[in-house]
Amino acid sequence: MKKWIQTVVLGAALLLISGCGNSSSASTDSSQEEVTVKLGLIGADTDVWDSVKERLKEEGINLEYVQLSDYNQPNQALADGSIDINAFQHQFFLDNYNEEFGTDLVSIGNTVNAPLGIYSDKITDVKDLAEGAKVAIPNDVTNGGRALLLLQTAGLIKVDEAAGQTPTVADITENDLQLDISELDAAQTARALSDVDISVINSGMAVDAGFVPTEDAIFLEPVDETARPYVNIIAARKEDEDNEIYQKVVAAYQTDETKKVIEETSKGSSVPAWETFGAK
């Protein structure tokens, strides 16, 4: 009888230990369900992504911002694995970066189309620009070329058609006003306004500087089929193109809720690109 009691007690103890072990394991598995995705961004404005971040929490995804200042940093960080995805550039910029640096980064979803604008604190119409006026444009290949094409659309210069989407200052064929064009880091184009007559500023940089592009730009890039190369995107490494978690980030972005925030924060200056140009 004593042996039987000892056996029962021992069995009960083993079941208790086993039960505790299973409980601990379940707790560990539960804590591992949350996944952190590092998102590379340029600038301080995260209003749109904040709304996406809240929705992703419900799916166990923690979106962590990695805010960078230089336009080459987010792709470099993505290529070397420091971040998981980034959202700061248009398709044409990404294509050019891949070609120049031999990387294999891809778009996994469209975000917005943010028209480039010409800004000034000295004139209110590009027609009022005087001869010899000072002009600032971004100095990177894609946005610099885009800026020159915008100046051409505004009727200020003409560039060589053979240069395609990436003309340089050397490709200017007509400059009747003898504009003095300075190439600056994109982050400096807004700050340079006091030193120049006009400055071509990326929409994100303009918003960060306190401008409302649709109200404050004296000339704004048209949104039509010619703008397709300049649709902003979410980018990932090629091997992660179909990553289920990253696709959930894209899906959380391309929603009516995000559209509302885009319209509110950009004052209508940015267009939800997944509606105009497709999801990807």
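Residues numbered from 1 in each chain as written. Predicted model: local features only at pLDDT ≥ 70, side-chain atom pairs only at ≥ 80, totals over all residues. Heavy atoms only, no water.

## As for the overall build of the protein
We count it as follows: Helix and strand assignments follow DSSP, with helices taken as H or I runs no shorter than four residues and strands as E runs no shorter than two, numbered in order from the N terminus. Burial classification: accessible surface area is computed with a 1.4 Å probe over protein chains only, and a residue below 20% of its type maximum counts as buried, one above 50% as exposed, and the rest as partly exposed. Contact definition: two residues touch when any of their heavy atoms are within 4.5 Å.
Across its full length, the protein carries 10 helices and 13 strands. Taking all 280 residues of the protein together, 45% fall into the buried category. Sequence separation of at least 24 residues holds for 74% of the intrachain contacts in the protein that already meet a minimum separation of 6.

## A closer look at the layout of surface pockets
Put simply, the rule reads: Here a cavity is any set of points on a 1 Å grid over the protein atoms alone where a 1.4 Å probe fits but cannot get out, and a pocket is any open set with protein on both sides within 12 Å along at least 5 of 7 lines; a residue lines the site when it has an atom within 4 Å of a point. Grid points are joined across faces, edges and corners, and a volume is the space filled by probe spheres set on the points. Lys, Arg, Asp and Glu make up the charged group, whereas Ala, Val, Leu, Ile, Met, Phe, Trp, Tyr, Cys and Pro make up the nonpolar group; the residues left over, Gly among them, are polar.
In this model, the largest pocket occupies a volume close to 250 Å³. Lining the largest pocket are 16 residues, with Leu149, Thr153, Gln165, Thr226 and Tyr230 positioned closest to its centre. Of the residues that constitute the lining of the largest pocket, the class distribution is 6 nonpolar, 5 polar and 5 charged. Taken as a whole, the second largest pocket encloses approximately 190 Å³ of empty space. Of all the elements in the fold, those that place two or more residues in the lining of the second largest pocket are helix H4 (91–101) and helix H5 (141–153). The residue makeup of the lining of the second largest pocket, split by class, is 6 nonpolar, 4 polar and 4 charged.

## Here's the deal with the pairing of strand E12 (residues 231–237)
Taken residue by residue, a regular strand's side chains alternate between the two faces of the sheet. The test is simple: Pairing between two strands is assigned when DSSP locates at least 2 bridges connecting them.
Of all 7 residues in E12, 7 are buried; the element is thus mostly enclosed. Of the strand pairs in this sheet, strand E4 (residues 105–113) and E12 are connected by 6 bridges, and their pairing is antiparallel. Within E12, the residue paired with Asn113 across the bridge is Val231.

## As for the packing of aromatic side chains
What counts, and what does not: The rule is short: rings of Phe, Tyr and Trp, with Trp giving its six-membered ring, pair when the centres are within 6.5 Å, and they are stacked under 30 degrees, edge-to-face over 60, tilted in between.
The final tally for this structure, using the stated rule, is 8 aromatic pairs. Considering the side-chain rings of Tyr71 and Phe93, the 6.0 Å spacing of their centres and the 65° angle between planes classify their relative orientation as edge-to-face. With Tyr71 in the loop between strand E2 (61–68) and helix H3 (73–79) and Phe93 in helix H4, the pair connects residues that are 22 residues apart, well separated along the chain. Each of the two residues, Tyr71 as well as Phe93, counts as buried. Plain terms: the ring middles of Phe92 and Tyr230 are 6.4 Å apart, the flat faces sit at 85° to each other, and that makes the pair edge-to-face. Residue Phe92 is found in helix H4, and its partner Tyr230 is found in the loop between strand E11 (219–220) and E12; the two are separated by 138 residues along the sequence. Exposure remark for Tyr230: the relative accessible area of 4% places this residue in the buried category. Here the aromatic cluster, defined as three or more aromatic residues joined through ring pairs, consists of Trp49, Tyr253 and Trp274.

## Examining empty space enclosed by the protein
Here the structure, examined in full by the defined rule, presents 1 cavity of 30 Å³ or more. The space that makes up the largest cavity amounts to roughly 690 Å³. Considering the residues around the largest cavity, the lining is formed by 32 residues, among which Ala87, Val112, Ala114, Gly204 and Asn232 are closest to the centre. When residues of the lining of the largest cavity are traced back to their parent elements, those giving at least two are strand E1 (35–42), helix H2 (47–57), E4, H5, helix H6 (203–208) and helix H9 (256–266).

## Concerning the packing of H2 against H9
Between two packed helices, what matters for the description is the angle formed by their axes and the separation of those axes. Our working definition: Angles shown run from 0 to 180 degrees and are taken between the N-to-C directions of axes, each axis being a line fitted to C-alpha atoms and, for helices, limited to the stretch in contact. Roughly parallel refers to an angle under 35 degrees, roughly antiparallel to one over 145, roughly perpendicular to one between 65 and 115, and oblique to any angle outside these ranges. Crossing handedness follows the turn of the near helix against the far one: under a right angle anticlockwise gives a left-handed crossing, and clockwise gives a right-handed one.
Closest axis-to-axis distance for the H2/H9 pair is 9 Å, and the angle between their directions is 160°. Classified by the angle their axes make, H2 and H9 are roughly antiparallel. In the packing of H2 onto H9, the handedness of the crossing is right-handed. For the pair H2 and H9, the contacting residues are Asp47, Val48, Ser51, Val52 and Arg55 in the first and Glu257, Thr258, Val261, Ile262 and Thr265 in the second. In terms of residue class, the contact of H2 with H9 is built from 4 nonpolar, 3 polar and 3 charged.

## Thoughts on H4
Residues Phe92, Phe93, Leu94, Tyr97 and Asn98 constitute the buried set of H4. Structurally, H4 contributes buried residues whose contacts are with H3, E4, H5 and E12. Positioned one or two residues after H4, Gly102 has a phi angle of 70°, which is positive.

## Section: the sheet that holds strand E10 (residues 198–201)
Strand order in the open sheet formed by 5 strands is E9-E6-E10-E5-E11, with mixed pairing between adjacent strands. Pairing within the sheet leaves two strands with one partner each, and these edge strands are strand E9 (180–184) and E11. Bridge count between strand E5 (residues 117–119) and E10: 3 bridges; the pairing is antiparallel. Bridge pairing links Ile118 to Val200 in E10. Along the sheet, H5 makes contact with E5, strand E6 (134–138), E9, E10 and E11, crossing E6 at roughly 135°.

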